Structures are given as structure tokens and as C-alpha cells.
Amino acid sequence: MDEMLSQEEIEALLNGGGEQQSGNAGEELTNVEADAIGEIANICMGSAATNLSTLINTKVSITTPVVSVVNLEELSSRFGRPCVFVQIAYIEGLDGSNVLILVENDVKIITDLMMGGDGSNIADELSELHLSAISEAMNQMMGASSTSLSSMLEKKIDISPPKASLIDLGDSIQDDTISFLDDEFIMVSFRMQIGELVDSTIMQLYPVDFAKDLYQKFAGGQTEDSAPAQPQPVDSAPAQPVPAPAAPAAQPQPMPTQPVMDANMQQPMMQQQPMMQQPMYGMPMPDVNIQPVQFQPFNQMVTPLNQQENIELIMDVPLEVTVELGRTNKSIKEILDFSPGTIIELNKLAGEPIDVLVNGKFVAKGEVVVIEENFGIRVTEIIK
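This report concerns the structure included in the present document. (Residues numbered from 1 in each chain as written. Predicted model: local features only at pLDDT ≥ 70, side-chain atom pairs only at ≥ 80, totals over all residues. Heavy atoms only, no water.)

When its secondary structure is counted, the protein chain shows eight helices and 13 strands. Look at the contacts in the protein chain between residues 6 or more apart in sequence, and 60% of them connect residues 24 or more apart. Summed over all atoms, the accessible surface of the protein chain reaches about 27500 Å², with 54% contributed by carbon and sulfur. (Helix = DSSP H or I, 4+ residues; strand = E, 2+ residues; numbered from the N terminus. Contact = heavy atoms within 4.5 Å. Areas by Shrake-Rupley, 256 points an atom, 1.4 Å probe, with all protein chains shown as cover.)

In C-alpha cells, the structure reads:
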């Protein structure tokens, strides 16, 4: 090369090369630990992506975990612009917390999709409504992630409700719940794709101690499952021979004899020969009375007496009767705009019979009447 690389170019090459390997995690984390943390995070985020895809009705892919040890200054150099911090604390199974970082524009797109939009309504500034919606989305995502983590560690794991806030990484962070950001911490970055709307990065931050403890629990469970059985200690004293139980003496079977003549053909001799077992022919069967089977006919009518006795058993069971005036569908945005005096239009016409439901099942139609200052329903039609 004719020219020397500048310090900025060297740092850019180092940062770019570091993102190609999950094992380049610094001195705080070994390559084995980094690979294990990356694999655990990848499985958990896979479950979270499936849950988010169901929530926003759009294909979501969260893949390619990259594990590294960074500090706040290095993090702010990559995400210096305002971004959304989602804090998750473990309240059962694990002791610690982690932080999810999302780009502000990605949060707006996810929120718009949650409210029934197409993801294009992102012109407004990030508000409390956006933060509340993304907290609910992260609650369901991390809930699915905790379920996967519970399966891997074979123990119950539960999280607290996530807390979302808009933070500029260039400023100092004054929050005791994420004080681990003051030192070096573990960063796992993922590539997040949401349909054709988002192709961005989502990051998950762990305290170093929490990541190491998670690896120990994961590796410990694997070791216990795969550990070979320990050999039993052997006594150095010579083993005394144990006499085998005496086998019962075989009873000699009498052998048939057959007379034969000696060499001089004068005196007959008795010689034993093996007995051949005679074949067993069919034994006489006893007389059996065989008759065709008789089945109960299915078309018999139940007598009114029996039917009355059976229904009496459930006469005192209470049932919930609901009168439905009408229905309508509203988006979350429209519901949040409700105020005293808001008129909601239903799908029933004025004067149309209303529906009567028993335990949620449509059984009759009727009209509204007033009985001594109370509303009542006069049944006009029974639905069969």
C-alpha cells in the first residue's frame, strides 16, 4: 500500500470485523461464554419475534446475534441519536435485569402497526402513547423469551412489566435501575426485519455478572444431564465365594425296554431305547351353545317420565342472561379519544329487536320495556 491507514480507518475496520464473530467479546468474556450467551439470546429472540409477528400481523425476523463487551461511550458512538430504552427486570428464577434498545423510528412503525395502521404513520413525535404501546409489545415479547429460557434452564422464570423511555446516549443516564451501564457490560446486537418496513438493529444489554451467571446455569444444567455415572467404590478385601444354590436333581425318566437276542440267539436281553413322543391328535371338545349376538337398538324413544327426572337434576343451575343492544369495532386510537359525551354508533337499527343471550349463546329476540322504573325485555321470538 502506498498510503498508511488513519486511526479512524483502523478503528472502523476493527469495529466492522468484530461484528462478524460472536466470539470477539473482549477480556471480560471467554469465547465459549460469548458463544453460549449468543445462542441463548438467539433462541429467546426467536420466540420473541414470533410473538411480535402475531401482535402486529406482519412477518418479523430477529437473527444474527453478535456478542461483545462495550462501555457507554462505545455504545453512544453507535447509537448517539435518541433511542428507546426498554428495561426488563427478572423477579423469579434469575437475579438481574437487562435492557433492550430500539431505534426511535422502529418504535413508531411497530406502534402504528399495533394500532391497525400500515406502518407509514411515523411523522408525529414519540409520545407517551408510543412508549406505552412499545412497553406492551416488549412485555409480550420478553414473556415468550422467558418461557424459552425456562425450558432451557428447566426452572420457572418471570419478569416485571417492562418500562420504556426515550434516552439520548450522548447524555448522562441518571437511573439507578440500569447503573450497570457505568461500567463495561455485555451487548448482544440482532438484525431485526419487519416485513419491508424495517431492516434495522435491536440490542440487548446485560451486566457482565448476570451474563456469566446465566452461562453457569446453562452450562451446569448441560453438564449434569450429560455427566457419566460415577463408578461404585470397590472393597479391597477379596470377595468370598458365594455358593451357588444347589440345582434340583433331575429325576431320571423311565425308558422303555425292548427284548433283544444275544449273540448266541439263546437268551433274550433287555435293551433301553429312547421313547418317541406320540403326536397329540384333536381332543374331543365339549358341546358349546353358540348364538348370534343381540345389540340394543338405537332408535328407542326416551320416555317422558325418565326425561323429566333427568332434567330435574339441573333445574337449579344458574345461567347468565345477557341482553345485547348492539356491537361495533373501534381501534385503540379511537378508544383513547373517548370522553364524556362521545356517541358510539352500534350495528343495530332503531326499533330493531335486540338479542338475548344465555351463557353467551343466542337464544331469543325481544324488545325493551320499562317495569316500575327498571328496564325489562319482552321476548318476541325464540331461536331454535
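Right, let's talk about the environment of I186 for a bit. Tracing the backbone shows I186 in strand β6 (residues 185-194). Spatially, the C-alpha atoms of I186 and F210 are 9.2 Å apart, while their sequence positions differ by 24 residues. If sequence neighbours within four positions are ignored, I186 has contacts with L29, V67, S68, V69, Q204, L205, Y206, P207, V208 and A211.

Moving on, we get to the side chain of D355. Take D355: it is sitting in strand β11 (residues 354-358). We classify D355 as buried; its relative accessible area is 13%. Contact partners of D355, with chain neighbours within four places excluded, come to T322, V323, E324, K348, F362, A364 and K365. (Buried < 20%, exposed > 50% of the residue type's maximum accessible area, 1.4 Å probe, protein only.)

Moving on, we come to the sheet that holds strand β12 (residues 361-371). One open sheet holds the four strands; their spatial order is β10-β11-β12-β13, and the pairing between them is antiparallel. The outermost strands of the open sheet, each flanked by one partner alone, are β10 (321-324) and β13 (374-382). Within this sheet the neighbouring strands show an average axis-to-axis angle of 40 degrees, counted without direction. Bridging between β12 and β13 involves eight bridges; their strand directions are antiparallel. (Pairing = 2+ DSSP bridges. Axes fitted to C-alpha atoms, helices over the stretch in contact; angles between N-to-C directions.)

I62, L100, L102, L149 and I186 are the most contacted members of the largest nonpolar core, which totals 55 residues. Among the elements that take part in this core, helix α2 (residues 31-56) stands out by supplying eleven residues, more than any other. Setting aside residues no more than four positions away along its own chain, L100 makes contact with M45, V84, F85, V86, I88, M138, M142, I202, M203 and Q204. Among the nonpolar cores identified, the runner-up in size contains 15 residues, and L75, I101, L169 and L205 belong to it. (Core = buried A, V, L, I, M, F, W, Y, C linked by side-chain atoms within 4.5 Å.)

A full pass over the atoms with the stated rule returns seven salt bridges. Between D199 and R191 there is a salt bridge whose closest N-O contact spans 2.9 Å. Among the residues examined, D199 registers a relative accessible area of 52% and is labelled exposed. Accessibility expressed as a relative area gives 38% for R191, which makes it partly exposed. (Salt bridge = Lys/Arg side-chain N within 4 Å of Asp/Glu carboxyl O.)

For the rest of this paragraph, the subject is a negative patch on the surface. Judged by side-chain charge, E73, E74, D182, D183 and E184 come together as a negatively charged surface patch. Among the secondary structure elements, D182 is positioned in the loop between β5 (163-168) and β6. (Patch = residues over 30% accessible without salt bridge, like charges linked within 9 Å, V, L, I, M, F, W, Y side chains within 5 Å. Lys, Arg positive; Asp, Glu negative; His and termini not counted. Charge placed at Lys NZ, Arg CZ, Asp CG, Glu CD.)

The phi torsion at N57 lies on the positive side, around 55 degrees, for a residue other than glycine. At E154, a position not held by glycine, the phi torsion is positive, near 55 degrees. Mapped onto the fold, E154 is located in the loop between α5 (128-153) and β4 (158-159). We classify E154 as exposed; its relative accessible area is 65%.

Glancing now at the packing of aromatic side chains. Evaluated as defined, the whole model comprises two aromatic pairs. Note on Y90 and F210: the rings are 5.4 Å apart at their centroids and 20 degrees apart in plane angle, and the pair reads as stacked. Of this pair, Y90 sits in strand β2 (residues 82-92) while F210 sits in helix α6 (residues 208-226), placing them 120 residues apart in sequence. For the pair Y90 and F210, one class covers both residues: buried. With a centroid separation of 5.6 Å and 20 degrees between ring planes, the pair formed by Y206 and F210 is classed as stacked. The exposure class assigned to F210 is buried, which follows from its relative accessible area of 5%. These aromatic residues form a ring-pair network of at least three members: Y90, Y206 and F210. (Phe/Tyr/Trp six-rings, centres within 6.5 Å; stacked < 30°, edge-to-face > 60°.)

These values are about where atoms sit, not about what they do.
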